[in-house]
Amino acid sequence: MNGRVALNKLFDRLRRTTTSHFYIPEVDGVRFIAIAIVTFYHINNFFLTKSPVKYDTVNSLLDIFLKNGFKGVQIFFVLSGFILALPFAKHFLASAKKPVLRKYYLRRLTRLEPPYFAALIIFFLLYLIKGEHTFSELWPGLILNFFYLHNVIPVAGFSMLGVLLWTLEIEVQFYLVAPLLAQVFRLGKQIRRPLLIILIFLIPFLNLYFKIGFIWLYNYLFYFLIGFLIADFYVSEPAPKIPFKLALAASGLAFVVLVFIDVDNFIGKSIFLTSLFLLVYLFLTDDLLKKILGNKIIAGIGGMCYSMYLTHTVVISGFGNATVFWSLTSSYAVNIILQILLLTLPILLITGIFYLIFEKPCMDKDWPIKLKNFIVKKFYAKNLTIKFMPNKKALVCGAGGFIGSHLVKKLKGEGFWVRGVDLKYPEFSQTAADEFVLGDLRDPAVCQKVLAADFDEVYQLAADMGGAGYIFTGEHDADVMHNSAQINLNMAHFAPKTGAKKIFYSSSACIYPRFNQQDPANPNCAEESAYPALPDSDYGWEKLFSERLYFANNRNYGLPVRVARFHNVFGPETAWTGGRDKAPAAICRKVAEAADGGVVEIWGDGKQTRSFLYIDDCLEGVRRFMDSDFGGPLNIGSEEMVSINGLTQMVIDFSGKKLTIKNIPGPEGVRGRNSDNKLIREKLGWAPSLSLREGMAKMYEWVAAQVEAAKKNKYEQAETVLAK
């Protein structure tokens, strides 16, 4: 079991992060197939070139298969067309958000160029160290490689990536024109599909008779357009329901055609292109094929395909010079399989290291901002003292709660003198506050008393709240509204009168109108969308009222306010049982308590979507917001949306158990909710950094420990009773 959990964690770490946070594992499964046959193709070429034995491979099916491995590149081209077309197809055909071209091109620069540049520089240095080429021979090629111009000016320098570079140059050319080509989705189905099909078959026909002197997108555009056609069907048509055996047979036949058919004439090319469309479309739409290709190992390796594509030929050359002399028999088939087995491990190992160092970090679209903030923070800590000011005082209301207790620790770490106030002490650890007041903030006298210290910063987190089982049943609405409103009426009234210099109020994403959150795939939670108001719960109405209360105090009494709308904050030391536990903790508890092979019950159909923010990111956002000149309201949440069933399956994977999800009737709130972080990036130059998987892994580990401790305690109590 431990080995299985470790393997799950490894492939969770390897799993790619997407900009939209809608991960399609079967796409990486198809990438796995493409990169595997390309890699085997290059191993075979190296072996036949370098082996001291000259093999006769005529009529060898294995040799034909391996020599046709370059067709994996064509699968990559189809997938690129599909991936780049998908957001445009969703916009024009399914009314999804319009892709922003500035973000589209910027994402290319921040996502794909850093690992590419890193590979170029590493290989440049390796070639220099090897000594077969001089600096003057290498640097012109390096410059051309940087700008993807080596095929346009092929005689100007040595290519760092050799035979691979032309494909990357074709990809860049397509990337530049893809948004223009995607306007085809504006056309009606009766026009755009025939148009795409005509172009897919016309362009290769033209290639036979109208040639140009260098490799260009013109030669390969039809592969990308196959991806466009697949995206069209993928978005606008239901997945075909065909028997698995038929889907398997059809995809198998298409793969055989892909590998073995002669494509040097128009008829052969037409059959080949039809098979290519069928193969990729079935892989992306058939439920059982998707399940196979979405396997963690297959998708995990496929997710590293870009890193593998950049590095595998160098690894083959480096290690192959030693292994090529190893042989078991005089058989070509036996020895090439031996070479593949010997070279696959170092390729995966070096690729994995390169991927984790250079590519995976760049999958976070906010990495430039985070890198800048990291550098500034380090510079801050070493050269300035503004972040550590022991003379500053802070009041944390709700300091016995989950977020409040963590906030006290953070403020203490920054040098604040902190007073905490709550009805109770923190449940899971001692408070870090310098002074902790047990008091009821619904009582005006308590509020006036705890505020009487000329606080530099006041954090109002106190509220009557809980998970869906507490908030959305309607059974606690009167108490929730009365208790929370009374606290905020007192705090807003006394804060300006007692000399508080600034106050933070924790509002909630529950204030957003329910009519903007009915589509689980495309909710609208931008800050300006709060009005016209129609929150989905009385809890949300109270939060919205209190926002206006604090802003009114700002206008009338000059009290500086910061109003943040939290989106499902989670992490260790939160309620995990008892009815007030929120979805991440409740799901972790259910999975931890379930026996292997059991069932996990989830309220609703499980297709409702949410985003969840890890506590560390929440606190960092709060502190940056408090230090800013912006008053809000401001979303503090993650944009990584997930279905509740998807979140449950994620936790099941962490557990290593085989569990079944059972959806049952129960409160589920709105159909979709996701933080819109455009404003927080604009105002704070920052966005949350920890992925949902990383945060939930920590969450599950903590909840599982609580469950085990509770079991042990219950057992010990039972033993004590029996002993008596």
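Residues numbered from 1 in each chain as written. Predicted model: local features only at pLDDT ≥ 70, side-chain atom pairs only at ≥ 80, totals over all residues. Heavy atoms only, no water.

J.: Which residues make up the sheet that holds strand β4 (residues 457-460), and what values do they have?
T.: Ordered by their spatial adjacency, seven strands build an open sheet running β3-β2-β1-β4-β5-β6-β11, and the pairing between neighbours is parallel. Lying at the two open borders of the sheet, with one neighbouring strand each, are β3 (435-438) and β11 (634-636). Looking at each pair of strands side by side, their axes are set apart by 20° on average, direction ignored. With six bridges connecting them, strand β5 (residues 503-508) and strand β6 (residues 561-566) associate as parallel partners. The partner of Tyr505 across the bridge, within β6, is Val563. Set on the sheet, helix α22 (residues 538-557) makes contact with β4, β5 and β6; between it and β5 the angle comes to about 155°. Across the sheet, helix α24 (residues 615-627) touches β4, β5, β6 and β11, and the angle it forms with β4 is around 135°. (Pairing = 2+ DSSP bridges. Helix = DSSP H or I, 4+ residues; strand = E, 2+ residues; numbered from the N terminus. Axes fitted to C-alpha atoms, helices over the stretch in contact; angles between N-to-C directions. Contact = heavy atoms within 4.5 Å.)

J.: Residue-level account of empty space enclosed by the protein, with values.
T.: Considering all chains together, one arrives at one cavity of 30 Å³ or more under this definition. Every residue lining the largest cavity is listed: Phe570, Phe612, Leu613, Tyr614, Asp617, Ser638, Glu640, Leu690, Ser691 and Leu692. For the lining of the largest cavity, the per-class residue count stands at six nonpolar, two polar and two charged. (1 Å grid on protein atoms, 1.4 Å probe; cavity = no way out; pocket = protein on both sides within 12 Å on 5 of 7 lines; lining within 4 Å. Points joined across faces, edges and corners; volume = space filled by probe spheres on them. Nonpolar A, V, L, I, M, F, W, Y, C, P; charged D, E, K, R; others polar.)

J.: Break down a nonpolar patch on the surface for me, citing the residues and quoting the values.
T.: A surface patch of nonpolar side chains, about 920 Å² in accessible area, is lined by Phe135, Trp139, Ile143, Phe147, Leu149, Val152, Ile153, Ile212, Phe214 and Trp216. Overall, the relative accessible area of 42% leaves Trp139 in the partly exposed class. (Patch = residues over 30% accessible without salt bridge, like charges linked within 9 Å, V, L, I, M, F, W, Y side chains within 5 Å. Areas by Shrake-Rupley, 256 points an atom, 1.4 Å probe, with all protein chains shown as cover. Salt bridge = Lys/Arg side-chain N within 4 Å of Asp/Glu carboxyl O. Buried < 20%, exposed > 50% of the residue type's maximum accessible area, 1.4 Å probe, protein only.)

J.: Could you give me a rundown of the nonpolar core, with the residues and numbers involved?
T.: One broad trend across soluble globular proteins is that nonpolar side chains are buried collectively. Tyr116, Leu161, Tyr223, Phe228 and Leu276 are the most contacted members of the largest nonpolar core, which has 93 residues in total. Aside from chain neighbours lying at most four places away, what touches Tyr223 is Gln74, Phe77, Val78, Lys269, Phe272, Leu273 and Leu276. (Core = buried A, V, L, I, M, F, W, Y, C linked by side-chain atoms within 4.5 Å.)

J.: Give a detailed account of the packing of helix α4 (residues 71-94) against helix α12 (residues 266-285), specifying residues and quantitative values.
T.: One way to put it is that α4 packs onto α12 with a least axis distance of 11 Å and a crossing angle of 60°. Classified by the angle their axes make, α4 and α12 are oblique. Note that α4 runs across α12; the crossing there is right-handed. Here Lys71, Gln74, Ile75, Val78, Leu79 and Phe82 of α4 come into contact with α12, specifically with Phe272, Leu276, Val280 and Leu284. In terms of residue class, the contact of α4 with α12 is made up of eight nonpolar, one polar and one charged. (Parallel < 35°, antiparallel > 145°, perpendicular 65-115°, else oblique. Left-handed = near helix turned anticlockwise from the far one by under 90°.)

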